[in-house]
Amino acid sequence: MATAAIFSSLRRRRSPCLDAFLAPVDLTDVALVQTLVSVSTELVSCFSGKALFFQRKNSRSLIRKIEVFVVLLEYLRDSGDGSALSSTAIVCFKELYLLLYRSKILLDYCAQSSKLWLLLQNHSISGHFHDLNQEISTLLDVFPLDDVELSEDVREQIDLMKKQSRNARLFIDKDEEALRVRFFSLLDEFENGRIPIPAELRLFFVEGLGIKDAKSCRAEIEFLEEQIVNHEGDIEPTASVLNGFVAIARYCRFLLYGFEENEVELKIGNQKKLRKGLITREIAETFITIPKDFCCPILLDLMRDPVIISTGQTYDRSSISRWMEEGHCTCPKTGQMLMNTRLVPNRALRNLIVQWCIAHGIPYDPPENTDSSVEAFAAAMPSKAAIEANRATSTLLIHQLANGSQGAKTVAARGIRLLAKTGKENRAFIAEAGAIPHLCELLSSTNSVAQENSVTAMLNLSIYDKNKSRIMDEKGCLGSIVEVLRFGLTTEARENAAATLFSLSAVHDYKKRIADEEGAVEALAVLLRVGTPRGKKDAVTALFNLSTHTENCMRMIEAGAVAALVGALGNEGVAEEAAGALALIVRQPIGAKAVGGEEMAVAGLIGMMRCGTPRGKENAVAALLELCRGGGTAATEKVLKAPALAGLLQSLLFTGTKRARRKAASLARVFQRCENYPLHFGGLGAGYAFGGNSASNRDPSFVSEVSVSISVPVL
């Protein structure tokens, strides 16, 4: 915990909070000296023989100073003088403890960070070493050497270090600075539309940075991408510039290091990408259930940084920011148009999440400063250099998809998957360059890694609207996606195939084609019944889209989708969409008959009215209304006999959303006309009349809605 806090402070170039350090406040003089001996000795042993690639001179200078402190501390411990330290000396030693830990964090940072990142942060990190040197100088100026009995050689070493620290200047290695300048010049070349020749890039990456293979280059890229995700406004370079460097590194990864990779490494790479987002979900599935309000509606995962958008819905900042960056201008949950793109931190919810995580022992690291994240994300839009480098990369990848070996095609598919993950520009020129036909061929691969990456690449490409037609027009492509959905070699592949169908079904003209594709609806229904939480979400959203096309009703009934949707009403994560799909299906007589024939349909919808979200309650009461209208007397009687329905309707009439009140009023009118109404609904009529017509209780907009719903069917 301390390490994370100090490291976080270091990244942001702010002074670390003292609470981040475990200062030895309760130790005796002897124990304090012994602790300092242990800490400093361990620090020297860890780094004295370690040759850092960058910051070598600064790190060696720091280690040498710590070695002198080791000599001083060991002398005090062995001579017994550590038991009679003055109060000033004790304060200095406690400060030394903190200084040693800051040194450890900085040295670890240099040892564990990527080379490209250290190069970009060369000035800043050199400044950190200089700051530590200044702190050592101040500490030695304050330390009461005259109060401590020291041997002559120890005192000489301390005096020499004191003099060196006082005279030290900020040191920036000339060779490292030349490399940094060269890296920026490469960025400028891409910015100006000139692709550097391979020899230039090899000289920089292989000879200059010592990046010898694809695995090392991929690690560099992933580290830089992590910095973009965690980027804050006071970090240089900006996120937009970092995007350009990532694009150049990705281009060089394929240009310089080829396409043959160990297949096991590819699987590990895919799992690493998934692992981060799945950790909290695994905790939820294995040990405890995460409260629904703590989960992001997009990722279905514990929110790290909840924010409120203009529609009043709360999402995790990273997921809703990505949604907006992809060009969407509607609320993912409600479908309402966004009035603006402002993200307001939901601090109350975040505090509740933190408390819940602490109570259940779940790691949670909320960002310390999120107010600037929106601006930082906006600044991360791709620069011209990034676009040009990504365009060059896509050319290499598509060439391998067309002409490479099976292994090279797998690597290329993964590359396209990652390249198409963000940015409509990337998705556009990848498709324009002809990637879709080759990805389509790879969908039928017997290699699970190749199939998973190709279908996920197809999903990412389909997010861009113009690519939807390219995918649907490609001969056999829709059928291949459905085949992956039905018989995919991995769970991830099947889920992403469902998500691809959901993306394609956003176009109305494609909904009928998708539903008519052999096995498509059946496979979605199976995934909705037995899939993972994410798979069920993908399946139910796809089925919801398909249900909006009136001609798909019979197909969904025959394929078992209605039964699957009814079963999904009891699943909190997908109940809202399931109720919405059923509300659309029951608008047709054949659909009403099918839903009415499901034993648990009415009970499930009643349960949604009781415990669902506001949108879920709307969908549930709408489904019951249409079921009564289209299902005949038997269906109406079945709904009428449902326990507690009268009270739930009464509640919706007063507290529901505008649409829910309209539907509830219409449903109440249906029951008023039913001959068995007095038997089952007792006093609802009086209550409804009072609630709807009392001058002291009614809402003007509510009255107008009821009047409309009485005379004209509410659609």
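Residues numbered from 1 in each chain as written. Predicted model: local features only at pLDDT ≥ 70, side-chain atom pairs only at ≥ 80, totals over all residues. Heavy atoms only, no water.

A.B. asks: Even after reading the chapter, I still don't get the overall build of the protein, so can you show me in this structure?
C.D. replies: The helix and strand tally for the protein stands at 37 helices and 3 strands. Expressed as a percentage of the 715 residues in the protein, the buried residues total 52%. On the protein, roughly 32000 Å² of surface is accessible, and the fraction owed to carbon and sulfur atoms is 54%. (Helix = DSSP H or I, 4+ residues; strand = E, 2+ residues; numbered from the N terminus. Buried < 20%, exposed > 50% of the residue type's maximum accessible area, 1.4 Å probe, protein only. Areas by Shrake-Rupley, 256 points an atom, 1.4 Å probe, with all protein chains shown as cover.)

A.B. asks: Mind showing me how you'd approach the nonpolar core here?
C.D. replies: Across soluble globular proteins, nonpolar side chains have a tendency to be buried as a group. Grouped together as the largest cluster of nonpolar side chains are 105 residues, with contacts concentrated most on Leu 565 and Met 609. Other than its neighbours up to four places away in sequence, Leu 565 contacts Leu 528, Val 540, Leu 543, Met 556, Ala 578, Ala 581, Leu 582 and Ile 585. (Core = buried A, V, L, I, M, F, W, Y, C linked by side-chain atoms within 4.5 Å. Contact = heavy atoms within 4.5 Å.)

A.B. asks: Any chance you could explain the environment of Gly 631 here in plain terms?
C.D. replies: Secondary-structure assignment places Gly 631 in helix H32 (residues 614-640). Those residues in contact with Gly 631, other than ones at most four positions away along the chain, are Ala 592 and Glu 626.

A.B. asks: Can you walk me through helix H23 (residues 491-504) in this structure?
C.D. replies: Residues separated by three or four positions in an α-helix point in the same direction, a consequence of the helix having 3.6 residues per turn. Between its first and last C-alpha atoms H23 spans 20 Å; for 14 residues at 1.5 Å apiece the expected length is 20 Å, and the two agree. What H23 keeps buried is the set Glu 492, Ala 493, Glu 495, Asn 496, Ala 497, Ala 498, Ala 499, Thr 500, Leu 501, Ser 503 and Leu 504. (Expected span 1.5 Å × (residues − 1).)

A.B. asks: Teacher, can you tell me more about a positive patch on the surface here?
C.D. replies: Where like charges cluster on the molecular surface, the positive patch consists of Arg 56, Lys 57, Arg 60 and Arg 64. Among the structural elements, Arg 64 can be located in helix H3 (residues 56-79). (Patch = residues over 30% accessible without salt bridge, like charges linked within 9 Å, V, L, I, M, F, W, Y side chains within 5 Å. Salt bridge = Lys/Arg side-chain N within 4 Å of Asp/Glu carboxyl O. Lys, Arg positive; Asp, Glu negative; His and termini not counted. Charge placed at Lys NZ, Arg CZ, Asp CG, Glu CD.)

A.B. asks: Can you help me understand unusual backbone geometry in this one?
C.D. replies: Trans peptide bonds make up the majority, and among non-glycine residues the majority have a negative phi. We note that Gln 55 has phi near 60 degrees; this positive angle belongs to a residue other than glycine. Take Gln 55: it is sitting in the loop between helix H2 (29-47) and H3. The class of Gln 55 is buried, set by a relative accessible area of 4%.

A.B. asks: Got a minute to help me understand the side chain of Asn 426 in this structure?
C.D. replies: Tracing the chain through its elements places Asn 426 in helix H18 (residues 424-432). Looking at Asn 426, the relative accessible area reads 7%, which means it is buried. Excluding anything up to four places from it in sequence, Asn 426 contacts Asn 390 and Leu 419.

A.B. asks: Looking at this structure, I do not really get helix H16 (residues 384-403). What am I missing?
C.D. replies: Between its first and last C-alpha, H16 extends 29 Å over 20 residues, near the 28 Å set by a 1.5 Å rise per residue. In this structure, the buried residues of H16 make contact with helix H8 (174-191), helix H11 (239-257), helix H17 (406-419), H18 and helix H19 (435-442).

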